[in-house]
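These are the residues of each chain, in order.
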Amino acid sequence: MAVNTRSEPRRSRSRAGKGSPAVLRGLPLAALLAIALAAAGCERRPELDPRPVSLEPAGSDGAAPTPVVIRGTGFHARAVQDGAGGISSADSTHRAWLDDTLELADVTWVDAFTLRATVPAGLALGPHSLTVENALGRRGRLEGAFTVIVPTSLAATATAAPAIASTGQTISVEVTVTNPGGAAVLGVAPEIATSGTGAASALPPPDPVDLAPGERRTVTLPFLAEGSGDVSFSVEARGTEAFTGRLLSASASAGPILVERAAVLRGTLSLPSTLSPVTTFAATLLVTNEGEAAAVAVAPAALGASAGNVALFSVDGGPTPPSATIPGGGSQTFTWPCTLLGPGRLVLTTSAEGTDANGGWPVATGVVESNASGQTLEVVAGPSDPFGDGLAAGSLALFRGRLHWGPSLNGARFWADDPASPGNDTTLGIAIGVDVTTPNRAANYSLWPGSAATTIGAAGCVSRTLACGPNDERGLGVLAAGTMGGAEWLLLAGAPAASGGQYLYLAPSLGDPVAFRYVDLGRVSAPKMVAPSAALFAPTEGGGIDRLYAGFSGLSGNGSPVLLALTSLPPAAGLEAAAGTHVVDLRADIMPSLGGGGAPPNLTSSPRVDVVFRSSGTLYVANNGGIMRSTVPEPRPYFGNPGDWSVATPGAAPYAARASLESTRTAGLGPADRAFPALAAFGSCGGGPCLFAARNVTGTSPAVVPQLWKCDPAAAGDPVRCDPADWTLVAPNESLDATLTQLEDPANGAISVLVATPRYLYVGFDNAVTGVQLYRTDRVPSVPTDLRGRDGCAAGTPGCEGLGGNGFGDPAAFTRFLDAEVSSGAGGTSLFVLAGNGAGPSRLFTLPE
């Protein structure tokens, strides 16, 4: 074996430090013999030369010392004989140099194939050869074993597109990563986080990429726009340096971009509801974009006839305009000139389609069906002043197929007509049985001989005269009709008498006079009751007992209101009602918020029951304090059975933002005098109907302003009964006070009609400026344009008047609604409304469906 003659000094083979020979205790005998033989014959054994094969890592940027592993063969130890002459230890000291001049530090022998060492910092750029000297003093060389490179790093930039996107659209974030260093960077994978008021989620990213020295690559990471608002992207690109395995990273940002709710089109097709033969009319399609992104090139389809159409018609042109761009939140009207060519029901259909301005996908209204039109009148004016006494108020009740209106000013007569055969109207007298049973006799002793009273009393009548009612009543309190005990009954209750509201009167049949039987409530709640304010016939819905619910104001605040459930009908002689046997006091006076004795209490001086309503087997009771509902079909008194009742007052912010109307009136109550004039069940919510509530709140001008509420029982809590979280405000103003439902008309005051038919939900408002305004909808409403007015116009749009026009054609004479009643039979369904102005005679109007 050739002797190494290089000039660098030979190392000392001292046994101290890392160069010391290792004690060979524990080494196999064969290994010791191999070392000895190698030492003996090294000059003749070239395979004992070290042969370095690789350096790991094979390079660095030279900025810091680099620990390395030298792999190869011939990394032999030298046997060292101890003082006794035997082989007992070995010298494993190795040395290594780069370029024969720079010695590596910390060279450590691992085995005959592996060394560890440290490359010092500060090497010049480029490749460097490696020389290894083993413990035998023999050397081996590897050219270009270690390369010093330009320091490796990552750089990144990012852009996001498009600048504006719609929800559901893909956003592309392009990330450009650059390797300016001298070694490859492996597995470069950008990670992106989002921030801002909007929302976007990452779609599956592309695979990681490797960057050669000096290479630049661009990768695209897709995101799905999900929520409207600004979205910014923060990029962190990470990779591994090939030589050293160091983790490298670079940051960048992109955006913000604007995410808009995708365009959503809703269409309302309107026809004039009253047409004459061979009349040219306009079909109007209102298309509203309920999204934030614009809808471009929105164009209606051709008008066609629906399946329910029977009338002949022609489309004479249009639509105008042919197409339009509708901005987010905006609307566009398209019109066609048409001609009605014959009689019958006219119902048309169309649709409209455009493109989302950001996403480029189609958006459409779907098929839109118009309101029913044809040769019928929208509103038919009926009788006015039927008694010739200038009656400015009155109530309506449909009893045994006849519409009853009254009573007259002297409280003595009804007007009655058959809706199926209008024109057969007549006036009917009133006969009321007088309770002469002691000790709780009727208060009007002028009738004690037992003759029937002929009036429910006139306002201001002299007490205990024949001009007053049998219990000294002075006019109408409540008029209602319904079924109990398998038969229809007409209920009449008088305005407060001197001794309180102790009586209800029930008529079982038609006649002239209408004969009423008395129900004496004096032994039940007489000390507490002042005046009747609400009534509801509630036939059993599952094997229980029919009930008649009657609400009263009370004598004192903490004892009011009174809610009774009558379970027995009066015989011919009248009924002396006994508590628990014939009638149950449900103790509304201690119900939370409704009653003056509740917790919390209703602080009104004398709370009353404004409305009693039943839907899906649930009883609802409301006044200015809120709404209570039953949890069972036939609830027991709140005292002792609070689990039969639950609070159902709306919990949404617009409810708490407004104060309910308070009124101290006890006689001649109209809708505008009540905090809750009416409830109605209409449409479908979850597994049953939606419940709607008309609410009047205090305002300034007008002094009474409206809210319309909808309950979806399935929204929260009990799935079939209304809970506070189930309520939402319907059709709130968009340009006016958003806590009110005025259909964009600031003069719309009290909400005074809320009635449902199988086809429509009707909503009416008092209006002292333009007269009463009545609208209807055949869908569950949410926005003002869901309601339709005159000739099918969309409520809340410029120029849209209520059905029949402002004030039914006379805005001065008809500024308030007094009552409403629905008739459904073989002749069809009609809505009857009473309207007036509080001074002149009231009038009956009919809206045939």
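Rules and cut-offs
- Residues numbered from 1 in each chain as written.
- Predicted model: local features only at pLDDT ≥ 70, side-chain atom pairs only at ≥ 80, totals over all residues.
- Heavy atoms only, no water.
- Helix = DSSP H or I, 4+ residues; strand = E, 2+ residues; numbered from the N terminus.
- Rg over C-alpha atoms; globule rule 2.2 N^0.38 Å.
- Buried < 20%, exposed > 50% of the residue type's maximum accessible area, 1.4 Å probe, protein only.
- Contact = heavy atoms within 4.5 Å.
- Areas by Shrake-Rupley, 256 points an atom, 1.4 Å probe, with all protein chains shown as cover.
- Lys, Arg positive; Asp, Glu negative; His and termini not counted.
- Charge placed at Lys NZ, Arg CZ, Asp CG, Glu CD.
- Pairing = 2+ DSSP bridges.
- Axes fitted to C-alpha atoms, helices over the stretch in contact; angles between N-to-C directions.
- Core = buried A, V, L, I, M, F, W, Y, C linked by side-chain atoms within 4.5 Å.
- Polar contact = N/O pair within 3.5 Å; in protein donor to acceptor, adjacent residues only side chain to side chain.
- Salt bridge = Lys/Arg side-chain N within 4 Å of Asp/Glu carboxyl O.
- Disulfide = S-S within 2.5 Å.
- Phe/Tyr/Trp six-rings, centres within 6.5 Å; stacked < 30°, edge-to-face > 60°.
- 1 Å grid on protein atoms, 1.4 Å probe; cavity = no way out; pocket = protein on both sides within 12 Å on 5 of 7 lines; lining within 4 Å.
- Points joined across faces, edges and corners; volume = space filled by probe spheres on them.
- Nonpolar A, V, L, I, M, F, W, Y, C, P; charged D, E, K, R; others polar.

1. Some thoughts on the overall build of the protein
Stage number 1. Counting secondary structure elements, the protein contains three helices and 62 strands.
Stage number 2. Computed over the C-alpha atoms, the radius of gyration of the protein is 47 Å, more than 25% above the 29 Å expected from 2.2 N^0.38 for a compact globule of 849 residues.
Stage number 3. For the protein, the spread of C-alpha atoms along the principal axes amounts to about 150 × 70 × 45 Å.
Stage number 4. Going through the 849 residues of the protein one by one, you find that 52% of them count as buried.
Stage number 5. Considering only residue pairs separated by 6 or more positions, the protein has 60% of its internal contacts joining residues 24 or more positions apart.
Stage number 6. Here the protein has roughly 33,300 Å² of accessible surface; of this, 56% comes from carbon and sulfur atoms.
Stage number 7. Of note, the protein has its 52 positive side-chain charges centred 10 Å away from the centre of its 70 negative side-chain charges.

2. Let's talk about the sheet that holds strand β59 (residues 773-777)
Stage number 1. Pairing within the open sheet is antiparallel, and its three strands lie in the order β57-β58-β59. Two strands in the sheet have a free side with no partner beyond their single neighbour: β57 (748-756) and β59. With direction set aside, neighbouring strand axes in the sheet form an average angle of 20 degrees.
Stage number 2. For β57 and strand β58 (residues 761-767), the ladder comprises six bridges, and the chain directions are antiparallel. Within β58, the position partnered with L754 by the bridge is V763.

3. Overview of the nonpolar core
Stage number 1. Counting residues in hydrophobic clusters, the biggest one holds 27 residues, and the most contacted among them are L154, I171, V175, V177, V188, F223 and F233.
Stage number 2. Counting residues per element, the ones that place at least two in this core are β13 (155-161), β15 (170-178), β16 (185-195), β18 (209-211), β19 (216-227), β20 (229-241) and β21 (247-260).

4. Concerning the side chain of N602
Stage number 1. Looking at the secondary structure, you find N602 in the loop between β48 (583-585) and β49 (611-615).
Stage number 2. Within the structure, N602 has its side chain in polar contact with the side chain of T604 (distance 2.8 Å).
Stage number 3. With residues up to four places along the chain from it excluded, the contact list for N602 reads S593, L594, G595, G596, P607, N623, N624 and G625.

5. With respect to the pattern of salt bridges
Stage number 1. Following the criterion strictly, the structure yields 22 salt bridges and no others.
Stage number 2. Of the charged contacts in the structure, one is a salt bridge between E215 and R217, with a shortest N-O distance of 3.5 Å.
Stage number 3. Judged by its relative accessible area of 25%, E215 is partly exposed.
Stage number 4. Relative accessible area serves as the criterion here: at 31%, R217 is assigned to the partly exposed category.
Stage number 5. Residues E290 and R266 are paired through a salt bridge, measuring 2.6 Å at the closest nitrogen-oxygen approach.

6. Points about the state of the cysteines
Stage number 1. Applying the stated rule across the entire model yields four disulfides.
Stage number 2. The disulfide that involves C685 links it to C690, with 1.9 Å between the sulfurs. Handedness of the C685-C690 disulfide follows from its S-S torsion of about 90 degrees: it is right-handed. Of the two residues, C685 and C690, both sit in the buried class.
Stage number 3. Between the sulfur atoms of C711 and its disulfide partner C722 the distance amounts to 2.1 Å. Residues C711 and C722 are joined through a disulfide that is left-handed, its torsion about the S-S bond being -115 degrees. Remark: C722 occurs in the loop between β55 (704-711) and β56 (727-729) and C711 occurs in strand β55; sequence separation between them is eleven residues. Across this residue pair, the class does not change: C711 and C722 are buried.
Stage number 4. Cysteine pairing in the protein follows 1-2, 3-4, 5-6, 7-8, where each cysteine in a disulfide is numbered by its order in the sequence.

7. Some details on the packing of aromatic side chains
Stage number 1. By the definition in use, this model includes eleven aromatic pairs.
Stage number 2. Between Y445 and W448 the ring centres are 5.9 Å apart and the planes differ by 70 degrees, which places this aromatic pair in the edge-to-face class.
Stage number 3. Take Y445: its relative accessible area is 49%, and that puts it in the partly exposed class.
Stage number 4. Assessed through its relative accessible area of 31%, W448 is described here as partly exposed.

8. Some remarks on empty space enclosed by the protein
Stage number 1. Applying the stated criterion across every chain yields a total of five cavities of 30 Å³ or more.
Stage number 2. Taken as a whole, the largest cavity holds about 100 Å³ of empty space.
Stage number 3. Lining of the largest cavity is provided by S273, N371, E378, Y760, R776, T777, D778, R788, G789, G792 and L803.
Stage number 4. Across the lining of the largest cavity, the residue classes tally to two nonpolar, five polar and four charged.
Stage number 5. The computed volume of the second largest cavity comes to approximately 80 Å³.
Stage number 6. Looking at the second largest cavity, it is lined by 13 residues, and the ones nearest its centre are R608, D610, N624, L661 and S663.
Stage number 7. Taken together, the residues of the lining of the second largest cavity sort by class into three nonpolar, five polar and five charged.

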